[in-house]
Amino acid sequence: MVTEALKQKLLAVEIEGLSVAYDSSLVLDDVDLMLPAGQLVAMVGPNGAGKSTLLRTLVGSLKPTRGSVRIHGEAAEVQRRAGQIAYMPQHELVDWDFPLSVEELVLSGRYGRIRMEGGWRRFLLPSMASKSHQRAVREALAAVDMDQQLDQPIETLSGGQRKRVLLARALAQQARLLLLDEPLVGVDRRSEELIMAVLRDQRSQGRTVVMVTHDIASARRDADFAVLINRGVVGTGDPASTLSEEMITRTATAAWLSNQRKRSEHDALEMA
Amino acid sequence: MSATLPGFGVAIIDALIAVLMLFINLLPDAIAEPFQYRFMQRALLTSMLVGAVCGLLSSYVILKRWSLLGDAISHAVLPGVAIAYLLGLPFFVGAFATGALTSLGIGVIERNSRIKSDAAMGLMFTAAFALGVVIISQITTATHLMHILFGNVLGVRDSALLLTLFATVLALIVVLLFYKELMIYVFDPVQARSLGLNTGFIHYGLILLLTLTIVASLETVGIILVVAMLITPGATAYLLVNRLHHMIWLSTLIGVVSAVLGLYLAFHFNVASGGTMVLVVSAFFLLAFLFAPQRGVVMRWRRRVSA
């Protein structure tokens, strides 16, 4: 018998009957999904399959229309408030003209912990954050090899540096669950290797790393666990079989067909 | 209205004016001269407060891309003012009510239809403004409604001055105590959610604070021009600095200096005070646009030529 405590230890994420609508169309429909704790999980699927939507539902920025999400055996919101869910967005979705330094951006990953300290300290300006927070920021930046650029304005960073700084913000949070949206898109070889090394290191520290990715080869090679998504979960399990050529082709074809169908319905409506 | 105010409100105004005069009296007589009049002292205090609160929030307006929202709220205030006038209520009660209702209405339209936010704002605020215009056309003897449209800092009443003071203090406290929450919400609302912050509360809290600021500034700069004080100081500072806290303090400073300088010039040349303040702040923006050390058009051109 699987006790609740054991389940908590083994599972990072439990999703049941989850439906999420975005712009009034259902992107995820009745999804059930369990993600193992302490592993590197790759989430793969065609464009518009709902990968980012699933991630943003876990983060809490999209509200499900139905279903439940539990993280580490607790309601997702409880884990968010406890600072246990770190998130790294696609870097194109961030306003890089925002007037922040590298250090300030990464320190914002600590805001949840600063708030949890309670008392009057939670109201202090970020520049007055205690040494422990500053140390966490420096360690996170050192891990992604960006600790020489603490004072640099974020608008002057290159694409790969932007990715690494966003990753450092997630690392600085020291959460049990890391949710990363396309951490490897648009970075050079060196940054890619560095990011993957950091993620493996996080896993070896017992954290769960969930990354959305387009890169099937890297998912097969680096992930411990794979999820293939196309508006619902098509398959889960070990990467080699879940992401086999046959499964990928079948999913891609299904996605292409459904897009074609939607397009022809759309055309029919246009003509009517 | 002023008769119903508690005495300590007037006492606070007198105390602040006394402090201001300590500094004014250090200036050469030629500059300090207009401020020997009681109405100019009150106007100076009001202008500084309006400049400060608008400048303070304008950094957030710029970074959150809420310029049109500010415009929308300021126009939506008009029917509230008119209705409050008909009912004999203080104008800011009605103004705050319709301003807040309109910003809620914009959100409702956005979430429940395919209409995007710019159109939702445009249609809500013009509808509200139209309602205001229609009601006002029924009111024949309403000279102070003109003040609300175009502002008149020289005739600001105690009630409006105290409201401005309240808005300024509240905005200052909120920005100081919740700097981190506001920063993370404006920069990356998804990250704010992942930390368990109540982004809906922050969103509407910020909008209500903006509405309060607009209402408090009405008698000083007027409905049509208040939005300039909420956009231009922040936009100017944005061109000059690279850190959020520098931007916030600089935009506050620009707001205060523009308001005071505008008041002084308006008195000197006997022209409309609200319009003069906006012209001054716009001049600051133009200077920054051309000559900002890193981002100024002229400076970049010079770098290109010398490179």
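This text goes with the structure placed above it.
These lines cover the structure that appears in this document, whether it is placed above or below.

The next thing to look at is the overall build of chain A. Secondary structure assignment for chain A yields 11 helices and 10 strands. For chain A, whose C-alpha radius of gyration is 20 Å, the value lies close to the compact-globule estimate of 19 Å for 272 residues. Viewed in the frame of its principal axes, chain A has a C-alpha envelope of about 60 × 50 × 40 Å. Taking all 272 residues of chain A together, 52% fall into the buried category. Long-range contacts, defined as pairs at least 24 residues apart, comprise 69% of the intrachain contacts of chain A with a sequence gap of at least 6. Total accessible area on chain A is roughly 12,400 Å²; 51% of this is exposed by carbon and sulfur atoms. Between the mean site of the 34 positive side-chain charges and the mean site of the 35 negative ones, chain A shows a separation of 5 Å.

Below, the discussion takes up the overall build of chain B. Helix and strand content of chain B: 15 helices and 0 strands. The C-alpha radius of gyration of chain B comes to 20 Å, within 12% of the 19 Å expected for a compact globule of 307 residues. Along the three orthogonal principal directions, the C-alpha set of chain B runs to about 55 × 50 × 35 Å. Each of the 307 residues in chain B was classed as buried or not, and the buried ones make up 53%. Put simply, of all contacts in chain B between residues at least 6 apart along the chain, 73% involve residues at least 24 apart. Just so you have it, chain B exposes about 13,700 Å², and 72% of that area is on carbon and sulfur atoms. The positive charge centre, built from 16 side chains, and the negative charge centre, built from 10, are 15 Å apart in chain B.

What follows is about helix 9 (residues 179–187) of chain B. Among the 9 residues of helix 9 of chain B, 9 are classified as buried, and the element is accordingly described as predominantly covered. By the burial criterion, the buried members of helix 9 of chain B are Tyr179, Lys180, Glu181, Leu182, Met183, Ile184, Tyr185, Val186 and Phe187 of chain B.

All right, on to the interface of chain B and chain A then. The parts lose accessible area when they come together, and the size of an interface is often stated as this lost area. Contacts between the two partners involve 27 residues from chain B and, on the opposite side, 36 residues from chain A. Taken together, both faces of the contact between chain B and chain A bury some 2,900 Å²; the carbon and sulfur share is 58%. Among the residues chain B hides against chain A, the three largest losses belong to Lys180, Phe187 and Leu195 of chain B. Together they make up 25% of the total. Where chain B touches chain A, the interface holds 5 salt bridges. The partner of Glu77 of chain A in a salt bridge is Arg193 of chain B, with the nearest N and O atoms 2.8 Å apart. In this structure, the connection of chain B to chain A is made through 14 residue pairs in polar contact (both at pLDDT 80 or more). Elements supplying a minimum of two residues to the side of chain B that touches chain A: helix 8 (158–177), helix 9, helix 10 (189–194) and helix 13 (244–269) of chain B. Tallying contributions element by element places helix 9 of chain B first for the side of chain B that touches chain A, with 7 residues. Broken down by class, the residue content of the side of chain B that touches chain A amounts to 15 nonpolar, 5 polar and 7 charged.

Now for the sheet that holds strand 4 (residues 66–71) of chain A. Residues and elements named next belong to chain A. Judged by pairing direction, the sheet is antiparallel, and its 4 strands sit side by side in the order 2-1-4-5 without closing on themselves. Single-partner strands in this sheet number two, and they are strand 2 (25–36) and strand 5 (74–75). In this structure, strand 4 lies alongside strand 5, joined through 2 bridges in antiparallel fashion. Looking at strand 5, one finds that Ile71 is bridged to Glu74. Running over the sheet, helix 2 (residues 51–59) touches strand 1 (11–22), strand 2 and strand 4 and is turned about 115° from strand 1.

With that settled, consider unusual backbone geometry. Backbone phi values are negative for most residues with the exception of glycine, while trans is the configuration of most peptide bonds. Residues and elements named next belong to chain A. Phi angles above zero are rare outside glycine, and Asp30 is one such case at about 55°. Along the polypeptide, Asp30 turns up in strand 2. For Asp30, a relative accessible area of 45% corresponds to the partly exposed category. Here the phi dihedral of Gln174 falls at roughly 50°; this positive angle occurs in a residue that is not glycine. Tracing the backbone through its elements, the reader meets Gln174 in the loop between helix 7 (159–172) and strand 7 (177–181). Exposure remark for Gln174: the relative accessible area of 32% places this residue in the partly exposed category.

This part covers the pairing of strand 1 of chain A. All names here are of chain A. The buried count for strand 1 comes to 9 of 12 residues, which makes it a mostly enclosed element. Bridge count between strand 1 and strand 2: 8 bridges; the pairing is antiparallel. Directly across from Val20, in strand 2, lies its bridge partner Leu28. Turn length for the strand 1-strand 2 hairpin, with the two strands adjacent in sequence and antiparallel, is 2 residues, and the turn residue Asp23 shows positive phi of about 50°. Relative to strand 4, strand 1 runs antiparallel, the two being bridged by 5 bridges. Residue pairing for strand 4: Ser19 is matched across the bridge by Arg66.

Our next topic: the pattern of salt bridges. Once the charged atoms of two side chains with opposite charge are near each other, the side chains can pair. Residues and elements named next belong to chain A. Applying the stated criterion across every chain yields a total of 16 salt bridges over all chains. A salt bridge links Asp145 to Arg190; the nearest nitrogen and oxygen atoms lie 3.7 Å apart. Pair noted here: Asp145 is in the loop between helix 6 (131–143) and helix 7 and Arg190 is in helix 8 (residues 189–204), with a separation of 45 residues, a long-range link. One salt bridge connects Arg200 with Asp222, and the closest N-O pair in it is separated by 3.1 Å.

Residues and elements named next belong to chain B. Between helix 5 (residues 91–112) and helix 11 (residues 199–221), the least distance of the axes is 9 Å, while the angle of their chain directions is 145°. Crossing of helix 5 against helix 11: the hand is right-handed. Between helix 5 and helix 11, the contacting residues are Phe91, Phe92, Ala95, Phe96, Gly99, Ala100, Ser103, Leu104, Gly107 and Arg111 on the first element and Tyr204, Ile207, Leu208, Thr211, Leu212, Val215, Leu218 and Glu219 on the second. Of the residues assigned to the contact of helix 5 with helix 11, the class counts are 12 nonpolar, 4 polar and 2 charged.

Here is what the cut-offs are and how they apply
Residues numbered from 1 in each chain as written. Chains lettered and ligands numbered in written order. Predicted model: local features only at pLDDT ≥ 70, side-chain atom pairs only at ≥ 80, totals over all residues. Heavy atoms only, no water. Helix = DSSP H or I, 4+ residues; strand = E, 2+ residues; numbered from the N terminus. Rg over C-alpha atoms; globule rule 2.2 N^0.38 Å. Buried < 20%, exposed > 50% of the residue type's maximum accessible area, 1.4 Å probe, protein only. Contact = heavy atoms within 4.5 Å. Areas by Shrake-Rupley, 256 points an atom, 1.4 Å probe, with all protein chains shown as cover. Lys, Arg positive; Asp, Glu negative; His and termini not counted. Charge placed at Lys NZ, Arg CZ, Asp CG, Glu CD. Buried area = accessible area lost by both parts, 1.4 Å probe. Salt bridge = Lys/Arg side-chain N within 4 Å of Asp/Glu carboxyl O. Polar contact = N/O pair within 3.5 Å; in protein donor to acceptor, adjacent residues only side chain to side chain. Nonpolar A, V, L, I, M, F, W, Y, C, P; charged D, E, K, R; others polar. Pairing = 2+ DSSP bridges. Axes fitted to C-alpha atoms, helices over the stretch in contact; angles between N-to-C directions. Left-handed = near helix turned anticlockwise from the far one by under 90°.

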